[in-house]
Amino acid sequence: MTRTPIDIALSAGDLEALFDEIRRYLEAVDLFRCEGHEPRWRLEGSTTEVTQ
């Protein structure tokens, strides 16, 4: 089996946690879509952008 850089950098537990987080994110996106809020990219230089 060929090992990839991500296999070397993350343990099995880390990968499981990462995939759990991805699954929760995608479930949240699906919920927003069901409620009529389609995801979209913010435009650069938006007037709502906060800078310090």
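Up top is the structure these notes are about.
The shown structure was predicted, so the numbers you read here are calculated from the model rather than taken from an experiment. (Residues numbered from 1 in each chain as written. Predicted model: local features only at pLDDT ≥ 70, side-chain atom pairs only at ≥ 80, totals over all residues. Heavy atoms only, no water.)

Chemist: Pulling in residues and values, what's your account of the overall build of the chain?
Modeler: Regarding its fold elements, the chain presents two helices and zero strands. Taking all 52 residues of the chain together, 4% fall into the buried category. Put simply, the chain shows about 5400 Å² of open surface, and 59% of that area lies on carbon and sulfur atoms. (Helix = DSSP H or I, 4+ residues; strand = E, 2+ residues; numbered from the N terminus. Buried < 20%, exposed > 50% of the residue type's maximum accessible area, 1.4 Å probe, protein only. Areas by Shrake-Rupley, 256 points an atom, 1.4 Å probe, with all protein chains shown as cover.)

Chemist: Kindly report on helix 2 (residues 12-34), identifying the contributing residues and their values.
Modeler: Taking 1.5 Å of rise per residue, the 23 residues of helix 2 would be expected to cover 33 Å, and the 33 Å separating its terminal C-alpha atoms lies within 8% of that figure. Two residues or fewer past helix 2, glycine 36 is found with a positive phi of approximately 85°. (Expected span 1.5 Å × (residues − 1).)

Chemist: Describe the pattern of salt bridges, naming the residues involved and giving the relevant values.
Modeler: For the structure shown, the criterion picks out four salt bridges. Among the ionic pairs, arginine 23 bridges to glutamate 27, the shortest N-O distance being 3.9 Å. Taken together, the positions of arginine 23 and glutamate 27, both in helix 2 and four residues apart, correspond to about one turn of that helix. Exposure remark for arginine 23: the relative accessible area of 43% places this residue in the partly exposed category. A salt bridge links arginine 33 to glutamate 38, with the shortest nitrogen-to-oxygen separation between them at 3.0 Å. For arginine 33, a relative accessible area of 42% translates into the label partly exposed. (Salt bridge = Lys/Arg side-chain N within 4 Å of Asp/Glu carboxyl O.)

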